[in-house]
Structures are given as C-alpha cells and as structure tokens.
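Structure at a glance
Spelled out, the chains give:
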Amino acid sequence: AYTAAPFVPDGAGLAALREAAAGCRGCPLHRDATQTVFGAGKTGARVMLVGEQPGDQEDRQGRPFVGPAGKLLDRALAEAGIDPGEAYVTNAVKHFKFTRAEPRKRRIHKAPTLREMTACGPWLAAELALVEPELIVVLGATAGKALLGSSFRVTQVRGTVLEEEIHGRPERLVPTVHPSAVLRAEDREGAYQGLVSDLRVAARALG
Ligand code: URA
C-alpha cells in the first residue's frame, strides 16, 4: 500500500518534518507535482484548518492556501473573528494532483483517491501531534473523508462541533464547505455567508 510512514522522522519538530516531507515518495503524486506543500503556521496554534490538497498556485509557491481559495478563506476567517495569521493551515494531501486537457494546457485539479489520502495521513498525524490545536476546521468533503472516514457528508455536519478520535487523539472538529466550492457556487454570496457562519461556530468553540 502507498504510505508516507517511512518518510516521517521520529521526534522531529515542524521544520524538520517540512524538510522530510519535501522528499516524500510515499505515493505516486510527487512525480507530477512541482513540490511538496507542507502545512504553514506555528506549533501551539489554537486552530488547524485542513483542506484537500494544494492547488495550482500552492504547487508553484510551495505554501498552502495562497491562491484564490486561500484569499477567500482568509477573508472569511477574519470576518468570523479568527486571525488567519494565528491559524495553522494544511491539507489532507500534500502534493497537487491534476490532469491536463491537452499537453501544455492549464492544469486541472483532480480529487485525490482514498488510497492517496490514507498514504498522506502520517504527515497530518505528525502535524496534529506537534501543533496540538484546540480545534480542527475541516474544509470540504475530501478533507472530511480523510479525517472522519468515507461516510462523511459535509452537508449533514457543517457548522457543528464534532468530537472524534483522529489519528489516536481526541479532537474537536468543525466541518464546513471548501472555499473553492464557494468560488464555484452559483449563489456565491450566499455560499460565502454560509462559510462565515460555520467559521463563527468555530470561533465560539475556541472561546
Ligand atoms: N485548496 C486546498 O484545499 N488547499 C490549498 O492549499 C489550496 C486550495
């Protein structure tokens, strides 16, 4: 089975983890991606945001949520009363997965498979163990399935506080929609307000 486990160093801090993740060959996604996009933020951040996988911009720049979805997310966080600079942001999968309609054409995001999400899990487990956030914000269905299992349905649990064991640790989680889904929504303003309202639940849970 694909797994990142042999690439994750024991007893490493975030900087050493990030360095090790740059050389991860735990699944085939490293082949086509530009680089590993590891999480960003400090140990001890009170909230950890988990997205799906880096997008086109993130793949080029090497940092999570720096493209259009990230800009929207930062705005929504600030509006909900969560300082985006104080959050730890990461993804369930750390390499960009994409297809091209034609050679040299625009890269189109492709959802990671369950095998790829499972393979990448040891990185997220290591991040959780080091950051020890008080709350995890789950961004969208893919991150939800990666963390909570394949029966996860974002529409059923968004904006609620869940208590679940994640990678062997008791965690509190607030699921919401993915910011990219807001950008694609027909009623973009309504979808944005829904995201902000879920993030307010997270802000209240943080106290
Ligand atoms: N979408 C994600 O899920 N993660 C990113 O880092 C950027 C876009």
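Refer to the structure above for everything that follows.
Computed from a predicted model, the values in this text were never measured in an experiment.

Considering the packing of helix 3 (residues 68–80) against helix 8 (residues 188–206)
Helix packing for two helices is described by the angle between their axes and how far apart those axes are. Between helix 3 and helix 8, the shortest axis-to-axis distance is 8 Å and the interhelical angle comes to 50°. As far as their axial angle goes, helix 8 and helix 3 are oblique. Between helix 3 and helix 8 the crossing geometry is right-handed. Contacts between helix 3 and helix 8 involve Leu72, Arg75, Ala76, Leu77, Glu79 and Ala80 on the former and, on the latter, Tyr192, Gln193, Leu195, Val196, Leu199, Arg200 and Ala203. For the contact of helix 3 with helix 8, the per-class residue count stands at nine nonpolar, one polar and three charged.

Focus: the site of the ligand
Neighbouring the ligand are the residues Gly51, Glu52, Gln53, Pro54, Gly55, Glu58, Pro64, Phe65, Asn91 and His178. Take Glu52: an N or O atom from its main chain is 2.9 Å from an oxygen atom of the ligand. Contacts to the ligand include Phe65, whose backbone N or O atom sits 2.9 Å from an oxygen atom. The fraction of the free accessible surface of the ligand (240 Å²) that becomes covered by protein chains is 95%.

Points about the pattern of salt bridges
Counting across every chain of the model gives 11 salt bridges. Between Lys97 and Glu116 there is a salt bridge, and its shortest N-O distance comes to 3.0 Å. Of this pair, Lys97 sits in the loop between strand 2 (88–91) and strand 3 (98–100) while Glu116 sits in helix 4 (residues 114–131), placing them 19 residues apart in sequence. Of the two residues examined, Lys97 and Glu116, each falls in the buried class. For Glu102, the salt bridge goes to Lys105, with nearest N and O atoms at 3.3 Å.

Overview of the packing of aromatic side chains
If you walk through the whole model with that rule in mind, you get two aromatic pairs. Each ring, one from Phe38 and one from Trp123, has its centre 5.9 Å from the other, and the planes form 90°; the classification is edge-to-face. Taken together, the residues Phe38 in the loop between helix 1 (14–21) and strand 1 (47–51) and Trp123 in helix 4 connect sequence positions 85 residues apart. Of the two residues, Phe38 and Trp123, neither departs from the other in class, the shared state being buried.

Brief notes about the nonpolar core
In terms of nonpolar packing, the biggest core is built from 31 residues, with Leu17, Val50, Trp123 and Leu147 touching the most fellow members. Secondary-structure elements contributing two or more residues to this core are helix 1, strand 1, helix 4, strand 5 (135–139), helix 5 (140–148) and strand 6 (162–166). The element that contributes the greatest number of residues to this core is helix 4, accounting for eight residues. Residues contacting Val50, with those up to four places away along its chain left out, are Thr90, Asn91, Ala92, Leu124, Ile136, Val137, Val138, Leu139, Ala143 and Leu147. If you look at the next biggest cluster of nonpolar residues, it comprises 27 residues, including Ala76, Ile82, Leu195 and Ala205.

So, how was this worked out
Residues numbered from 1 in each chain as written. Predicted model: local features only at pLDDT ≥ 70, side-chain atom pairs only at ≥ 80, totals over all residues. Heavy atoms only, no water. Axes fitted to C-alpha atoms, helices over the stretch in contact; angles between N-to-C directions. Helix = DSSP H or I, 4+ residues; strand = E, 2+ residues; numbered from the N terminus. Parallel < 35°, antiparallel > 145°, perpendicular 65-115°, else oblique. Left-handed = near helix turned anticlockwise from the far one by under 90°. Contact = heavy atoms within 4.5 Å. Nonpolar A, V, L, I, M, F, W, Y, C, P; charged D, E, K, R; others polar. Near = heavy atom within 4 Å. Polar contact = N/O pair within 3.5 Å; in protein donor to acceptor, adjacent residues only side chain to side chain. Areas by Shrake-Rupley, 256 points an atom, 1.4 Å probe, with all protein chains shown as cover. Salt bridge = Lys/Arg side-chain N within 4 Å of Asp/Glu carboxyl O. Buried < 20%, exposed > 50% of the residue type's maximum accessible area, 1.4 Å probe, protein only. Phe/Tyr/Trp six-rings, centres within 6.5 Å; stacked < 30°, edge-to-face > 60°. Core = buried A, V, L, I, M, F, W, Y, C linked by side-chain atoms within 4.5 Å.

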